[in-house]
Amino acid sequence: MALRGVRVLEMAGLAPAPLCGLILADFGAEVVRLDRSPRAAVSSDVQGRGKRSLALDLKQPRGAETLRRLCQKADVLIEPFRPGVMEKLGLGPDIVLQDNPKLIYARLTGFGQLGKYAKLAGHDINYLAVSGVLSKLGRKDENPYAPINLLADFAGGGVMCAMGIIMALYERTKSGKGQVIDASMVEGTAYLSSFLWKSQTIGLWNRSRGENLLDSGAPFYETYKTKDGKFMAVGALEPQFYKQFISGLGLDDSNLPGQMSFSDWPAMKNMFADLFSKKTQAEWCEIFDDVDACVTPVLAFDAAASHPHNKERGSFLKNDQEEISPRPAPILSRTPATPSSKRDPFIGEHTEDILLDYGFSREEISQLHSLKVIEFNKPKSNL
């Protein structure tokens, strides 16, 4: 795989950092998750595919020393703590990169390493708000709303951090040097919204939130409820697609207002909603599946995994626990991701093996274990 041989240390954290580690692991990196609490056998990290777990108590000096030594043989360190936490442990980039100048030290936080909000707590909705993007999300006459925690946590956070790591690894092939990555979820989300910022002057956003072409204002860029309580998504923006959409609804375009007649949009939306309510989702799919009208079913997770298009491409995978999850993307032609099919690791399941791989002797490991700096948690075999 593309990242084969890359050694990654991922400090256990919430959603964004685990996704970053998951992406690297799926594409071949050897990712070790450093868990802080061996008391709980199962981690709250549901993105542990392909990772190994080492249970390490960083509050003990020997724990911090152990991590510092691990960093000497690693390519990447991912840490998701607020600014200053790693420095208090004696594991800041100034110290760790002195030991290993080739290390990529990725710092993934909500507000970044510097700035007024840098040390404040926050979640996806807060980062989305400060990025400016949240102000654009929502329907007319309603409050802005955050679309689950996908944008800031995962897209602006985990994915952007992974991209930064890949770029830093590539640059290292030329310079031979590592560097520090300051991955802010606020800035990552804002960067994702570059199109929104750059399109302010071309008329796309002249109207209030929820009244524009792409924010639920247009009747031809909307979701509609079907007779069986499911939904269809319509994205018939271009005239040629809109014409096919209107035809599929059984309407005559010549008897309707112009597509871009803003004042008629609310009435047209009501008309379309009434029509969609008269057929089931399956019936609408029969009409639109082979037509370039940009009309598709809104699929629940189980339906998405079993949809013919996704099944043909193998877009979803099952692990050995029969859990379904998306296949890693994008697909590389020569070195595609081959994700692990094993269950996610238990906390401390691989502690001893990892330390041996990183050059610790069995005597050192035994001593660290007796001091409760590390913990073992190997599952018992079912005979």
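Read on for a plain summary of the structure. If you're wondering where the values come from, they're calculated on a predicted model, not measured in any experiment.

1. Description of the sheet that holds strand β4 (residues 76-79)
Each strand in a sheet pairs with another by means of backbone hydrogen bonds, the pair being arranged parallel or else antiparallel.
(1) Moving on: Strand order across the open sheet formed by 7 strands is β6-β5-β4-β1-β2-β3-β12, with mixed pairing between neighbours. Of all the strands in the sheet, the pair left with one neighbour each is β6 (179-184) and β12 (374-375).
(2) Moving on: The sheet contact formed by strand β5 (residues 104-109) and β6 spans 6 bridges and is parallel. Bridge assignment links Arg107 to a residue of β6, and that residue is Asp182.
(3) Moving on: Sheet strands touched by helix α7 (residues 185-192): β5 and β6. Its angle to β6, the strand with the most contacts, is close to 70 degrees.

2. Let's talk about the side chain of Thr226
(1) Moving on: You can see Thr226 is positioned in the loop between β7 (221-225) and β8 (231-235).
(2) Moving on: Those residues in contact with Thr226, other than ones at most four positions away along the chain, are Phe231, Met232, Phe276, Ser277, Lys279, Thr280, Gln281 and Trp284.

3. Looking at the environment of Glu222
(1) Moving on: Mapping Glu222 onto the fold places it in strand β7.
(2) Moving on: Glu222 sits in the buried class, given a relative accessible area of 8%.
(3) Moving on: Remark: the alpha-carbon pair of Glu222 and Tyr170, spanning 52 residues in sequence, is separated by 41 Å.
(4) Moving on: Once you skip the residues sitting within four places of it in the chain, Glu222 turns out to touch Arg139, Ser216, Met232, Ala233, Val234 and Lys269.

4. Brief notes about the pattern of salt bridges
(1) Moving on: Considering all chains together, one arrives at 20 salt bridges under this definition.
(2) Moving on: The closest approach of N and O atoms between Arg69 and Glu364, which form a salt bridge, is 2.9 Å. With Arg69 in helix α2 (residues 61-71) and Glu364 in helix α15 (residues 362-370), this pair connects stretches of sequence that are 295 residues apart.
(3) Moving on: Look at the salt bridges and you will find they share partners, linking Glu10, Arg33, Asp35, Asp45 and Lys51 into a network.

5. A few points about the side chain of Gln281
(1) Moving on: Among the secondary structure elements, Gln281 is positioned in helix α11 (residues 281-288).
(2) Moving on: A relative accessible area of 8% places Gln281 in the buried class.
(3) Moving on: Within polar-contact distance, the side chain of Gln281 engages the backbone oxygen of Val298 at 3.2 Å.
(4) Moving on: Gln281 has contacts with Thr226, Asp228, Lys230, Phe231, Met232, Pro297, Val298 and Leu299, leaving out every residue within four places of it along the chain.

6. Description of the packing of helix α5 (residues 124-131) against α7
(1) Moving on: At their nearest, the axes of α5 and α7 sit 8 Å apart, and the two run at 55 degrees to each other. In terms of orientation, α5 lies oblique with respect to α7. Our pair here, α5 against α7, has a crossing hand that is right-handed. Every residue of α7 that contacts α5 at Tyr127, Leu128, Val130 and Ser131 is listed here: Met185, Val186, Thr189 and Ala190.
(2) Moving on: For the contact of α5 with α7, the per-class residue count stands at 6 nonpolar, 2 polar and no charged.

7. Thoughts on the packing of α5 against helix α6 (residues 150-175)
(1) Moving on: Put simply, α5 and α6 touch, their axes get as near as 7 Å, and they point 80 degrees apart. Relative to α6, α5 is oriented roughly perpendicular. Contacts between α5 and α6 involve Asp124, Tyr127 and Leu128 from the first element and Leu150, Leu151, Ala152 and Asp153 from the second.
(2) Moving on: Residues belonging to the contact of α5 with α6 are distributed by class as follows: 5 nonpolar, no polar and 2 charged.

8. Here we look at helix α9 (residues 239-248)
(1) Moving on: Taken together, the buried positions of α9 are Tyr242, Phe245, Ile246 and Gly248. Around the axis of α9, the buried residues are gathered within 160 degrees of arc, so they sit on the same side.
(2) Moving on: Of the surrounding elements, those touching the buried residues of α9 are β8, α10 (265-276), α11 and β9 (295-297).
(3) Moving on: Backbone geometry just after α9 places Gly250 at a positive phi near 85 degrees.

9. A short note on unusual backbone geometry
(1) Moving on: Here the amide bond leading from Ala329 into Pro330 is cis, since omega sits at 0 degrees, within 30 degrees of zero.
(2) Moving on: Among the structural elements, Pro330 can be located in the loop between β11 (324-326) and α14 (351-357).
(3) Moving on: If you check the backbone angles, Lys372 has positive phi at about 60 degrees while not being a glycine.
(4) Moving on: Considering the arrangement of structural elements, one finds Lys372 in the loop between α15 and β12.

10. Regarding the pairing of β7
Within a regular strand, side chains alternate between the sheet's two faces.
(1) Moving on: Burial along β7 is one-sided: Glu222 and Tyr224 are buried, while Tyr221, Thr223 and Lys225, pointing the other way, are not.
(2) Moving on: Looking at chain direction, β7 and β8 are connected through 5 bridges and run antiparallel. Of the residues in β8, the one forming a bridge with Lys225 is Phe231.
(3) Moving on: Between β7 and β8, which pair antiparallel one after the other, the connecting turn spans 5 residues, and Gly229 there sits at a positive phi close to 80 degrees.

11. Here we look at the sheet that holds β8
(1) Moving on: Reading across from one edge, β7-β8-β9 is the order of the 3 strands in this open sheet, with antiparallel pairing throughout. Edge positions in the sheet fall to β7 and β9, since each of these pairs with one other strand and no more. Across this sheet, the average inter-strand angle for adjacent strands is 20 degrees, counted without regard to direction.
(2) Moving on: Bridge count between β8 and β9: 3 bridges; the pairing is antiparallel. Pairing of Ala233 across the sheet is with Thr296, part of β9.
(3) Moving on: With respect to the sheet, α10 is in contact with β7 and β8, its orientation differing from that of β7 by roughly 40 degrees.

How each quantity is defined
Here the residue numbers are simple positions, counted from 1 along each chain's written sequence. Totals for whole chains, interfaces and linings use every residue, but because this is a predicted model, local features are given only for residues with pLDDT of at least 70 and side-chain atom pairs only at 80 or more, for both listing and counting. Side-chain figures throughout are based on the complete set of non-hydrogen atoms in the structure, without hydrogens or water. In this scheme, strands are said to pair when DSSP sees at least two bridges between them. Only DSSP runs of H or I reaching four residues or more are called helices, and only runs of E reaching two or more are called strands; each is numbered from the N terminus. Here a residue-residue contact requires only that any non-hydrogen atoms of the pair lie within 4.5 Å. Lines fitted to C-alpha atoms define the axes here, with helix axes fitted over just the stretch in contact, and angles between the N-to-C directions of these axes take values from 0 to 180 degrees. Exposed residues in this analysis have more than 50% of their type's maximum accessible area, buried residues have under 20%, and partly exposed residues fall in between, with area computed by a 1.4 Å probe over protein chains only. Counted as salt bridges are all cases of a side-chain nitrogen of Lys or Arg within 4 Å of a carboxyl oxygen of Asp or Glu. What qualifies as a polar contact is a pair of N or O atoms within 3.5 Å, subject to a donor-acceptor requirement within protein and to the restriction that residues adjacent in sequence count only when both atoms come from side chains. By definition in this entry, angles of less than 35 degrees are roughly parallel, angles greater than 145 are roughly antiparallel, angles of 65 to 115 are roughly perpendicular, and the rest are oblique. With the far helix as reference, a near helix turned anticlockwise by less than a right angle produces a left-handed crossing, and one turned clockwise produces a right-handed crossing. Polar here means any residue outside two lists: the nonpolar Ala, Val, Leu, Ile, Met, Phe, Trp, Tyr, Cys and Pro, and the charged Asp, Glu, Lys and Arg; Gly therefore counts as polar. Here, the arc refers to the directions that run from the helix axis to the C-beta atoms.

Note that all results are geometric; they support no functional claim without further evidence.
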